[in-house]
Amino acid sequence: MDFNVKKLASGAGLFFTRAVQFTEEKLGQAEKTELDAQFENLMSRADCTKHWTERIYRQTEVLLQPNPSARIEEFLYEKLDRKAPSRITNAELLGQYMQEAAKEFGPVTPYGSTLIEVGECERRLGAAEREFLQTSAISFLTPLRNFLEGDWKTISKERRLLENLRLDLDACKARLKKAKVAEAKAACEGEMAPDFQETRPRNYVLSASASALWSEEVEKAEHELRVAQTDFDRQAEVTRLLLEGISSTHVNHLRCLHEFVEAQAAYYKRCHLHMQELQKELGRLPNAFALNSTHSMATAVSASEAINSPVETDTLKIEEVQAPATGTRKAKVLYDYDAADSSELSLLADELITVYTVPGMDSDWLVGERGNLKGKVPVTYLELLS
């Protein structure tokens, strides 16, 4: 019990001494040991790294999981050291609803068969998203969190210890300075004492005793200062090594950033491929999703001209078709198309062509021209421009 009381009293005294030193420094009444410029730069760089790593980590969490409730749930499972239950993605849920609706509407109907195809594509998109989330969490989020919860906490702990030892060092310097001033004052009073042979006044005895006591106090303060300086230098070296390790942290985070970009690029590439496949599949379905404007234009022109010049689709000769004086439009090709025969025109994604309709042609097709080339093109591969 005595040991604990002494330890508590010693700790309280040390805390009080540091508090006094810190307050006097803030008031400008005490000197402060300044760290070298390189050390200050290392600490500033570490603080900057922590600040931006934390912000990037939080925003990446929002990007990967926009739902705050889901993030809180994952955080609680992580703190409880339990595995979070697998959560279906929104795209997978949408695909599931579409396929269930197709069963109700009839899978052989145009709408039902289209729902099945789109729903399957959404499920594949959702699976790709889930894989991207898992990969990003492992390769990018985890290293950032390990730095914030591991390396940075160690650095902060050592920096606090260094600051406490710096306060102890400056307190020792102040104590030594006061002891030397008091010793010099006592020595000066001793020199002004009367002759020893004539008299031995009481104040002379007290002055000599005080001088001896202050000499002992100076020696004690010098010893404490040497110990405090040694502890401070040792801790400063430890802290410096940890701060210099921030460079290695940057290298590690750079590698993780590259992995995150690769995962993101692979995810969007897979999504693009899935959508391309869906577009092609829908183009093969009957009346999959003809553009309303194109369908209306083709129907109106066919109705108005069918009376005067009826032409059968089977006997339509592309080389004999002439562009009308009015009714031609520009169209942008959405994706590549390979002509099935000589009557069709092959297309390249993003190119611009001229299109128009002719009487008797299937409303799902238009005549397209690119330079001297001419042929039928599917409406579903085009985006009509105003």
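This structure is a prediction, so every number in the text was calculated from the model and none was measured.

Visitor: A description of the packing of aromatic side chains should follow, citing residues and the corresponding values.
Guide: Under the criterion given, the structure shown has 9 aromatic pairs. Taking 6.4 Å as the distance between ring centres and 50° as the angle between the ring planes, the aromatic pair formed by F147 and W152 counts as tilted. Note on W152: relative accessible area 11%, which makes it buried. An aromatic cluster of three or more residues is present, and its members are F132, F140, F260, Y267 and Y268. Cation over ring: K376 sits above W365, and NZ or CZ is 5.4 Å from the ring centre.

Visitor: So what's going on with the packing of helix α2 (residues 37-64) against helix α7 (residues 246-284)? Residues and values would help.
Guide: Remark: α2 packs on α7, axes separated minimally by 12 Å, with the N-to-C direction vectors making an angle of 20°. Relative to α7, the element α2 is oriented roughly parallel. Considering only the axes of α2 and α7, their crossing is left-handed. Only I246, S247, H250, H253, F260 and Q264 of α7 make contact with α2, whose side of the interface consists of R45, A46, T49, T53 and L63. Class assignment for the residues of the contact of α2 with α7 results in 4 nonpolar, 6 polar and 1 charged.

Visitor: How would you sum up the sheet that holds strand β2 (residues 352-356)? Please name residues and give values.
Guide: Spatially, the 5 strands line up as an open sheet ordered β4-β3-β2-β1-β5, and their pairing is antiparallel. Taken across any chain shown, the strands that pair with only one partner, and hence form the sheet edges, are β4 (373-378) and β5 (382-384). For this sheet, the mean inter-axis angle between neighbouring strands, taken without regard to orientation, is 40°. Relative to β5, strand β1 (residues 329-333) is paired through 3 bridges, and the arrangement is antiparallel.

Visitor: So what's going on with α7? Residues and values would help.
Guide: Under the 1.5 Å per step criterion, the end-to-end length of α7 is 57 Å for 39 residues, consistent within 8% with the ideal 57 Å. Among the residues making up α7, those that are buried are I246, T249, H253, C256, F260, A263, Y267, C271, H274, L278 and L282.

Visitor: If you had to explain the nonpolar core to someone new, which residues and values would you point to?
Guide: With 43 residues, the main nonpolar core has F132 and L243 as its most contacted residues. A per-element tally of this core places helix α5 (residues 110-191) first, with 19 residues. If we skip the residues at most four places from it in the chain, F132 touches L64, F260, A263, Q264 and Y267. In terms of nonpolar packing, the next biggest core, distinct from the first, is built from 14 residues, Y335, Y337, V377 and V379 among them.

Visitor: Please provide a residue-by-residue account of the side chain of E351, values included.
Guide: Among the secondary structure elements, E351 is positioned in the loop between β1 and β2. A relative accessible area of 15% places E351 in the buried class. Within polar-contact distance, the side chain of E351 engages the backbone nitrogen of L348 at 2.8 Å.

Visitor: Explain the environment of E163 residue by residue, including any values.
Guide: Among the secondary structure elements, E163 is positioned in helix α5. E163 gets classed as partly exposed once you look at its relative accessible area, which sits at 33%. Residues E163 and Q235, spaced 72 residues apart in sequence, show a C-alpha to C-alpha distance of 9.5 Å.

Rules used throughout
Residues numbered from 1 in each chain as written. Predicted model: local features only at pLDDT ≥ 70, side-chain atom pairs only at ≥ 80, totals over all residues. Heavy atoms only, no water. Phe/Tyr/Trp six-rings, centres within 6.5 Å; stacked < 30°, edge-to-face > 60°. Buried < 20%, exposed > 50% of the residue type's maximum accessible area, 1.4 Å probe, protein only. Lys NZ or Arg CZ within 6 Å of the ring centre and 35° of its normal. Axes fitted to C-alpha atoms, helices over the stretch in contact; angles between N-to-C directions. Helix = DSSP H or I, 4+ residues; strand = E, 2+ residues; numbered from the N terminus. Parallel < 35°, antiparallel > 145°, perpendicular 65-115°, else oblique. Left-handed = near helix turned anticlockwise from the far one by under 90°. Contact = heavy atoms within 4.5 Å. Nonpolar A, V, L, I, M, F, W, Y, C, P; charged D, E, K, R; others polar. Pairing = 2+ DSSP bridges. Expected span 1.5 Å × (residues − 1). Core = buried A, V, L, I, M, F, W, Y, C linked by side-chain atoms within 4.5 Å. Polar contact = N/O pair within 3.5 Å; in protein donor to acceptor, adjacent residues only side chain to side chain.

Function cannot be inferred from these measures alone, as they are strictly geometric.
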